[in-house]
Amino acid sequence: MTHPAVPTAATARRRVPARQGSLREHNLALVLRHVLDAAGATAPGAETPPSRADVATATGLTRGAVSALVDLLIGARLVDELPPVVTARAGRPAVPLVPARGTVVGLGAEVNVDYIGVRALDLAGQVLAHRETAGDYRHSDPAAVLALLAGLVGQVRADLPASARVAGMCLALPGLVDRVTGPLRLAPNLGWRDVDVVALLTAHPEVDGLPVRLANEANLAARAEARAGAAGQSFLYVSGEVGIGAAVVLDGEVFAGRHGWSGELGHTVVDQQGPRCTCGARGCLEQYAGKDALLRAAGRDVEEPVEALLAAVAAGDERAARALRSAGEALGVALANFVNLVDVETVVLGGIYAPLAPWLTDAVTAQLRSRVLASAWAQARVGVAAGGPHAAMTGAAVVVLRAVADDPAAWLGAPAGA
Ligand SMILES: [Zn+2]
């Protein structure tokens, strides 16, 4: 086994040097993380928000230490108190602690082949603002598209309440990203190669001064899915768009691979004699089950939204139904290859595959059943994404907010306003 001379995305995460931070900063992050995680469990019947005493029990810190740290977090407007709740236990009523709303904000942005967009999420997970523009960005000029995106960033920032402070921005891209600062290596459907996206974006006044990081769109959407919690701990997230990205989630963490390039499901081979792909190879899955391929097979214009295909198939359009069946089969073949390699419990259909799932699931399931060696004992479940539309933008904003949660001390005494 060789050792890389240059830190990669994966090794950089493992080799974070110990900061010269104090114990207090560490404990501040510990307490904030507990309040945020408890709020993340929003399923019906989930526990009520923790009190100071609950945080002390969970973290092993003393009640007095927790109280002092919580006061700092409230002062920094990272945590809020709810009205006291009388519990069955004796003593004073408990004061539930929740993430502050409308204060610290992460911007999640996305450039994809047929839309660009930006959304702002606060620590409580509320979407405070969202802007998107449909367009055709195939073989586009990066500088022109990123100028449009910067315009959307400006609009979203203008839509935020005066109380909001923007912590940074993360941009989801449909291609190979190996470092948070770029460059983007390759996005075949955009026609972008070795583009310094951060430099182009921060040249605009709407973005200037904001920390900007990059990531693969499927990896980010998978984070939103993991946060939604419906798919279990080990799953393959499939992001169907014009291209088909995927992200492997193992034990709750995205497995990005040696360079961060795992999950290029769209370029796995369905038929080596098949049509030429945007990547240059033949017979990639994308040419059978990507959005353009699907719409073409259904006899529709590639610029139509997926809703048009849904309406056609619901109205009994046989050609549309056939296109969906054969796309589902091709997707199922590729997924069976994957599940034979990696033992996951669920395959999650995201992106355009979420609304199309009723017409894809049977074909995908049939392929998994007939091709996965272990299927007689444990059949991988085919699920539908629960992260909501534009999950990559949500996941991107979550990445920014996670950085805030890891270092709340930086927000003590920060001035209000974006
Ligand atoms: Zn390809």
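S.K.: Give a detailed account of unusual backbone geometry, specifying residues and quantitative values.
M.R.: Residues Gly 182 and Pro 183 are joined by a peptide bond in cis, for which omega reads 5 degrees. Along the chain, the position of Pro 183 falls in the loop between strand S7 (176–177) and strand S8 (184–187). Despite not being glycine, Arg 77 shows a phi value in the positive range, around 60 degrees. Relative to the helices and strands, Arg 77 is located in the loop between helix H4 (63–75) and strand S1 (79–81).

S.K.: Could you give an account of the pairing of strand S14 (residues 346–351), with specific residues and numbers?
M.R.: Taking burial as the measure, the six residues of S14 include five buried ones, the bulk of the element. The sheet contact formed by strand S11 (residues 235–240) and S14 spans six bridges and is parallel. Of the residues in S14, the one forming a bridge with Gly 240 is Gly 351. Summarising the sheet, S14 and strand S15 (residues 381–384) pair through four bridges and their orientation is parallel.

S.K.: Could you give an account of the sheet that holds S7, with specific residues and numbers?
M.R.: Ordered by their spatial adjacency, three strands build an open sheet running S7-S8-S9, and the pairing between neighbours is antiparallel. Only two strands of the sheet have a single partner each, and these edge strands are S7 and strand S9 (192–195). For S7 and S8, the ladder comprises two bridges, and the chain directions are antiparallel. When the sheet's bridge partners are listed, Val 177 is paired in S8 with Leu 184.

S.K.: Tell me about the domain arrangement of the protein chain, and please be specific about residues and values.
M.R.: For the protein chain, the assigned domains are domain 1 (22–99), domain 2 (104–220 + 391–411) and domain 3 (230–384). Its C-alpha centre places domain 2 at a distance of 25 Å from the equivalent point of domain 3. The partner domain 3 presents 18 residues to the 15 residues of domain 2 that form the contact. Within the residue set of the side of domain 2 that touches domain 3, elements represented by two or more residues are S7 and helix H7 (217–228).

S.K.: Tell me about helix H12 (residues 353–371), and name the residues and values.
M.R.: Here H12 contains 19 residues, and its C-alpha end-to-end distance of 21 Å is more than 12% below the 27 Å for a straight helix at 1.5 Å per residue. The axis of H12 is deflected most strongly, by about 70 degrees, at Trp 359. Along H12, the residues classified as buried are Tyr 353, Ala 354, Leu 356, Ala 357, Trp 359, Leu 360, Ala 363, Val 364, Gln 367 and Leu 368. In this structure, the buried side of H12 is in contact with S11, helix H10 (306–314), helix H11 (318–341), S14 and S15.

S.K.: Which residues make up the confidence of the model for the protein chain, and what values go with them?
M.R.: The predicted coordinates ought not to be read in detail in places where the model reports low pLDDT. Per-chain confidence: the protein chain averages 90 in pLDDT, with 91% of residues scoring 70 or above. Long-range and interchain partners of residues 1–18, a stretch whose pLDDT sits below 50, account for 14 contacts in this model, where long-range means more than four residues apart.

S.K.: Residue-level account of the sheet that holds strand S13 (residues 253–255), with values.
M.R.: If you trace the five strands from one edge of the open sheet to the other, you get S13-S12-S11-S14-S15, paired in mixed fashion. Two strands in the sheet have a free side with no partner beyond their single neighbour: S13 and S15. Neighbour-to-neighbour, the strand axes of this sheet turn through a mean angle of 30 degrees, independent of strand direction. Packing against the sheet, H12 makes contact with S11, S14 and S15, and its axis sits at approximately 145 degrees to S14.

S.K.: I'd like to hear about the packing of helix H2 (residues 23–40) against helix H3 (residues 52–59), residue by residue, with values.
M.R.: For the pair H2 and H3, the least separation of the axes is 10 Å and the interaxial angle reads 115 degrees. On the basis of the axis angle, H2 is roughly perpendicular to H3. As for how H2 packs across H3, the hand of that crossing is right-handed. Across the interface between the two elements, Leu 30, Val 31 and His 34 from H2 touch Val 55, Ala 58 and Thr 59 from H3. The residue makeup of the contact of H2 with H3, split by class, is four nonpolar, two polar and no charged.

Reading the values: the criteria
- Residues numbered from 1 in each chain as written.
- Predicted model: local features only at pLDDT ≥ 70, side-chain atom pairs only at ≥ 80, totals over all residues.
- Helix = DSSP H or I, 4+ residues; strand = E, 2+ residues; numbered from the N terminus.
- Buried ≥ 20, exposed ≤ 12 C-beta atoms within 10 Å, placed from the backbone.
- Pairing = 2+ DSSP bridges.
- Domains from an automatic or database assignment.
- Contact = placed C-beta atoms within 7 Å.
- Expected span 1.5 Å × (residues − 1).
- Bend = angle between axes of the 7 residues up to and from the residue.
- pLDDT = per-residue confidence, 0-100.
- Axes fitted to C-alpha atoms, helices over the stretch in contact; angles between N-to-C directions.
- Parallel < 35°, antiparallel > 145°, perpendicular 65-115°, else oblique.
- Left-handed = near helix turned anticlockwise from the far one by under 90°.
- Nonpolar A, V, L, I, M, F, W, Y, C, P; charged D, E, K, R; others polar.

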